[in-house]
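# Secondary and tertiary structure notes
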Amino acid sequence: MSETLGVTRHAAPLQASLCTVGASLIWSVGALTNRWADQIDAWQYLLWRSIGVLIALELVERLRGRPSPVVASWTSGATMVGASVGLFGASLGFVYALKNTTAANASFFSSLTPFVAAALGWIMLRERFGLATWFAMGLAGIGLAIMLFGPTGDAQQGSGIASSLRGNMSGLVCSVGFAFYMICVRTDSTRDWGPAMSGYCTMMVCVCVVVTLSKGRPLVPAASNIGFAVFHGAVLIVFGTLLFNFGARRVPAVAMAVFAQAETLAVPLLIMAVFAEIPSRTTLMGGAMILAAVLVQAIGEARHSRSVGMGASPLPG
């Protein structure tokens, strides 16, 4: 989740490339901490993960001599709040998906973000996109249909098809939320969007407290589960984002799209290795088509942007 806004870049230095790939791999470890925290639901997990993010970001910004990012997130205008709302939806959708469907389904469904962003950009910002994007969206749609209507591979979790459908739809919510964040970012290519992360975490804490209490569940569950969630937020998300932002300033948009898929691929592989969760063949087939579509769209849009004199997108897609 990069808040960095770039200009046209032509080379991908090795150090920057390793940083962006490394950030994606660090983020993917969050799928493991999510599953290890098996005594709490998605709302409790998100509550403590968000607290971890808030604490770490406050410390980082204070060490840099900057004002509180929480205050900045709510005093920097409606678009910053909108960016926070987008990240809120993306975070909630992905964690809920991981709790209710296979890691492969959650990861592949959330990787539809570039296509949702393209559609929203066309509707909200009147952005034009090339033929490659239309082709890629069709390819991704076929992959999505294969995953939706094929067996999900959830049997080993004992979750059943109803839970799987909820999980799949949550993955789509993740892609919509992050796409909305991307649209907010595109409205101002010179602005620091870092406070949006603190904004969404503040929002998440408030919502999760209300939902958890209304469900009669404790706000302070088992210490080990809290530890997994806080570690995910304070270390994996914050450190991964700082690493990603460093690399994003130096890596071309097409390369970023390729590197970002490291997380999409690593999440199901890690879960398969640790929890023996094997995705179904239809999930792998549909997911492969979606990943191929993401790369086709990124390359095509980069060429289209150059042909109309536009700079590189701040985020892949």
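The structure displayed is predicted, hence computed values, not measured ones.

### What about the overall build of the chain?
Summing up its helical and strand segments, the chain has 13 helices and zero strands in all. Reading the chain from its N end, one meets helices and strands in the order α-α-α-α-α-α-α-α-α-α-α-α-α. The buried share of the chain, reckoned over its 317 residues, is 56%. If you take every contact in the chain between residues at least 6 apart in sequence, the share linking residues at least 24 apart comes to 89%. Surface exposure of the chain reaches about 13,400 Å², of which carbon and sulfur atoms provide 71%.

### Overview of the pattern of salt bridges
Within the structure shown, the criterion is met by six salt bridges. Between R62 and E58 there is a salt bridge, with its nearest N and O atoms 3.8 Å apart. Pair noted here: R62 and E58 are both in helix α3 (residues 42-63), with a separation of four residues, about one helical turn. By relative accessible area, which is 54% here, R62 ends up exposed. The network of salt bridges with shared partners includes D41, K215 and R217.

### What about the packing of α3 against helix α10 (residues 195-214)?
Contact geometry for α3 and α10: axes closest at 8 Å, N-to-C directions at 145 degrees. Every pair of crossing elements has a handedness; the one defined by α3 and α10 is left-handed. Residues W43, Q44, L46, L47, R49, S50, I51, V53, L54 and L57 of α3 pack against M197, S198, Y200, C201, T202, M204, V205, V207, C208, V209, V211 and T212 of α10. Residues of the contact of α3 with α10, tallied by class, amount to 16 nonpolar, five polar and one charged.

### Details of the environment of A83
As for its placement among the helices and strands, A83 is situated in helix α5 (residues 78-100). Note: C-alpha distance between A83 and M197 (114 residues apart in sequence) is 8.5 Å. Those residues in contact with A83 that sit more than four places away from it in its chain are Y181, C184, W193 and A196.

### A short note on unusual backbone geometry
The phi angle at A276 is positive, at roughly 55 degrees, despite the residue not being glycine. Considering the arrangement of structural elements, one finds A276 in the loop between α12 (253-275) and α13 (281-307). Residue A276 is classed as exposed on the basis of its relative accessible area of 53%.

### What about helix α6 (residues 103-110)?
Where burial is concerned, most of α6 is hidden: eight out of the eight residues are buried. By the burial criterion, the buried members of α6 are A103, A104, N105, A106, S107, F108, F109 and S110.

### Focus: the environment of R250
With respect to the helices, strands and loops of the structure, R250 is situated in the loop between α11 (223-248) and α12. Exposure remark for R250: the relative accessible area of 35% places this residue in the partly exposed category. In the structure, R250 is positioned 237 residues away from P13 in sequence and 7.0 Å away in space, judged by C-alpha atoms.

### Examining the nonpolar core
V53, L98, Y181, W193, Y200 and M204 are the most contacted members of the largest nonpolar core, which has 53 residues in total. With sequence-adjacent residues up to four places away left out, M204 is seen in contact with L46, S50, F88, S91 and L92. Among the nonpolar cores identified, the runner-up in size contains 15 residues, and F109, M147, M289 and L291 belong to it.

### Notes on the packing of α5 against α6
The contact between α5 and α6 brings their axes to 8 Å, and the two run at 155 degrees. As judged from the angle between their axes, α5 and α6 are roughly antiparallel. At the point where α5 passes α6, the crossing takes the right-handed sense. Here F94, A97 and L98 of α5 come into contact with α6, specifically with A103, A106, S107 and S110.

### Some remarks on a nonpolar patch on the surface
A cluster of nonpolar residues, W122, I123, M124 and L125, forms a patch on the protein surface that exposes about 400 Å² of accessible area. Mapped onto the elements, W122 comes out in helix α7 (residues 113-124). Given the relative accessible area of 49%, W122 is considered partly exposed.

### Observations regarding the side chain of N100
By secondary structure assignment, the location of N100 is in helix α5. With relative accessibility at 11%, the residue N100 sits in the buried group. Within the local environment of N100, its side chain forms a polar contact with the backbone oxygen of Y96, the two atoms lying 2.8 Å apart.

About the cut-offs
- Residues numbered from 1 in each chain as written.
- Predicted model: local features only at pLDDT ≥ 70, side-chain atom pairs only at ≥ 80, totals over all residues.
- Heavy atoms only, no water.
- Helix = DSSP H or I, 4+ residues; strand = E, 2+ residues; numbered from the N terminus.
- Buried < 20%, exposed > 50% of the residue type's maximum accessible area, 1.4 Å probe, protein only.
- Contact = heavy atoms within 4.5 Å.
- Areas by Shrake-Rupley, 256 points an atom, 1.4 Å probe, with all protein chains shown as cover.
- Salt bridge = Lys/Arg side-chain N within 4 Å of Asp/Glu carboxyl O.
- Axes fitted to C-alpha atoms, helices over the stretch in contact; angles between N-to-C directions.
- Left-handed = near helix turned anticlockwise from the far one by under 90°.
- Nonpolar A, V, L, I, M, F, W, Y, C, P; charged D, E, K, R; others polar.
- Core = buried A, V, L, I, M, F, W, Y, C linked by side-chain atoms within 4.5 Å.
- Parallel < 35°, antiparallel > 145°, perpendicular 65-115°, else oblique.
- Patch = residues over 30% accessible without salt bridge, like charges linked within 9 Å, V, L, I, M, F, W, Y side chains within 5 Å.
- Polar contact = N/O pair within 3.5 Å; in protein donor to acceptor, adjacent residues only side chain to side chain.

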